[in-house]
Amino acid sequence: MTLPIYQCALITGASSGLGAEFARQLAPVSEALILVARRSELLDSLAAEIKKVTPHIKIHCLKSDLVDDDQRRQFIEAIHLMGLDPDLLVNNAGIGDYGDFVSADWQKTEMMIRLNMEVLTHITHALLPGMINKDGGGIINVSSLASILPIPDFAVYAATKAYVTSFSEALRIELIEHGIKVLALCPGPVHTGFGQVAQRGEPTNVTPGGESVYVEATQVVGEALASVQKGKPRHYPGKKIALMAAFMSSLPLWLLRKTMSRRPRRRAS
């Protein structure tokens with residue numbers, strides 16, 4: 001499928017993982033990229049890598065800890081001062097925390113709630129007027145398969161992603177008349193740095209299906225870009241994940257509760 005040419009694509013959490021892969025795949029079909037993350041050295045390295053392959057593109061690397069209110073406002077102001085109006089927004093920045101809720105570190109939990117929900121919502125709100133003035137564009141909100149499930153030991157993360165998916169669905173309806181497409185991207189397990197950050201203590205893999213359900217980042221991003229172009233409201237990358245989502249969504253709530261209560265547990269200290 002041929003992708004449209006974007007005047008400017010903005011990607012949060014762009015220094016690694018899915019964010020970096022979005023940057024790589026969007027570079028050939030974008031006139032400019034705005035890459036934002038906390039780690040400026042990784043952003044600069046990624047920009048240099050992309051420039052070697054796509055020398056024509058303009059890349060703006062903005063270091064910002066988006067959870068910090070002042071830094072986030074400065075980031076938004078910087079975009080406006082540079083006269084940049086993204087017509088594609090990829091809200092990718094997010095973190096997880098794997099372990100029972102009672103033993104969670106509150107500072108990390110609070111950061112997760114703010115990054116996964118507040119930051120995504122604020123940036124979307126700040127950039128939407130520019131998209132509406134252009135009468136078109138797209139928004140990809142990176143949610144998760146977890147958004148449709150109450151997951152023990154992933155309780156807060158799954159709840160934040162339920163917000164992202166619901167918000168995306170409602171926003172899509174609001175923006176149809178403006179020609180702006182909104183996609184909730186709901187991947188299952190992907191080999192990125194996400195798992196290492198989410199883990200507490202010794203690494204553990206309790207993913208049902210193990211390695212067989214993992215999807216490569218290149219496939220996740222490729223399917224996401226195709227899906228937002230088609231105007232799909234939601235996408236689960238990979239056939240196995242899509243089947244799992246369809247099956248879990250069809251279960252009555254009492255059976256879903258029973259199924260999740262039998263999930264392997266990780267009580268991290």
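Residues numbered from 1 in each chain as written. Predicted model: local features only at pLDDT ≥ 70, side-chain atom pairs only at ≥ 80, totals over all residues. Heavy atoms only, no water.

**Quick word on the sheet that holds strand β6 (residues 180-185)**
In step 1: Pairing is parallel across the open sheet formed by seven strands, whose spatial order is β3-β2-β1-β4-β5-β6-β7. Two strands lie at the open edges of the sheet, namely β3 (58-63) and β7 (234-235), each paired on one side alone. (Pairing = 2+ DSSP bridges. Helix = DSSP H or I, 4+ residues; strand = E, 2+ residues; numbered from the N terminus.)

**Regarding the packing of helix α1 (residues 17-26) against helix α2 (residues 40-53)**
In step 1: Put simply, α1 and α2 touch, their axes get as near as 10 Å, and they point 25 degrees apart. Taken as axis vectors, α1 and α2 run roughly parallel relative to one another. By crossing handedness, the relation of α1 to α2 is classed as right-handed. For the pair α1 and α2, the contacting residues are Ala20, Ala23 and Arg24 in the first and Leu46, Glu49 and Ile50 in the second.
In step 2: By residue class, the composition of the contact of α1 with α2 is four nonpolar, no polar and two charged. (Axes fitted to C-alpha atoms, helices over the stretch in contact; angles between N-to-C directions. Parallel < 35°, antiparallel > 145°, perpendicular 65-115°, else oblique. Left-handed = near helix turned anticlockwise from the far one by under 90°. Contact = heavy atoms within 4.5 Å. Nonpolar A, V, L, I, M, F, W, Y, C, P; charged D, E, K, R; others polar.)

**Considering the packing of aromatic side chains**
In step 1: One pass over the full model with this rule turns up three aromatic pairs.
In step 2: Aromatic side chains tyrosine 98 and phenylalanine 154 sit 5.4 Å apart centroid to centroid with 70 degrees between the ring planes, which places their arrangement in the edge-to-face category. Taken as a pair, tyrosine 98 in the loop between β4 (88-91) and α4 (106-134) and phenylalanine 154 in the loop between β5 (137-142) and α5 (155-175) lie far apart in primary sequence, 56 residues in all. By the burial criterion, tyrosine 98 is buried, and phenylalanine 154 matches it.
In step 3: With a centroid separation of 5.8 Å and an interplanar angle of 5 degrees, the aromatic rings of tyrosine 163 and phenylalanine 167 are classed as stacked. (Phe/Tyr/Trp six-rings, centres within 6.5 Å; stacked < 30°, edge-to-face > 60°. Buried < 20%, exposed > 50% of the residue type's maximum accessible area, 1.4 Å probe, protein only.)

**Notes on the nonpolar core**
Generally speaking, nonpolar side chains in soluble globular proteins are found buried as a group.
In step 1: Formed by 43 residues in total, the largest nonpolar core has its most connected members in Leu10, Phe75 and Ile139.
In step 2: Elements represented by at least two residues in this core include exactly β2 (32-37), α3 (69-81), α4, α5, β6 and α9 (253-261).
In step 3: In terms of residue count, the dominant contributor to this core is α4 (nine residues). (Core = buried A, V, L, I, M, F, W, Y, C linked by side-chain atoms within 4.5 Å.)

**Regarding the pattern of salt bridges**
In step 1: Inspection of the entire model under this criterion finds nine salt bridges.
In step 2: Of the charged contacts in the structure, one is a salt bridge between glutamate 21 and arginine 24, with a shortest N-O distance of 3.5 Å. Taken together, the positions of glutamate 21 and arginine 24, both in helix α1 and three residues apart, correspond to about one turn of that helix.
In step 3: For glutamate 21, a relative accessible area of 11% puts it in the buried group.
In step 4: A salt bridge links aspartate 69 to arginine 72, with the nearest nitrogen and oxygen atoms 3.1 Å apart. Within this pair, aspartate 69 and its partner arginine 72 are both found in helix α3, separated by three residues, close to a single helical turn.
In step 5: Residue arginine 72 is classed as buried on the basis of its relative accessible area, which comes to 2%. (Salt bridge = Lys/Arg side-chain N within 4 Å of Asp/Glu carboxyl O.)

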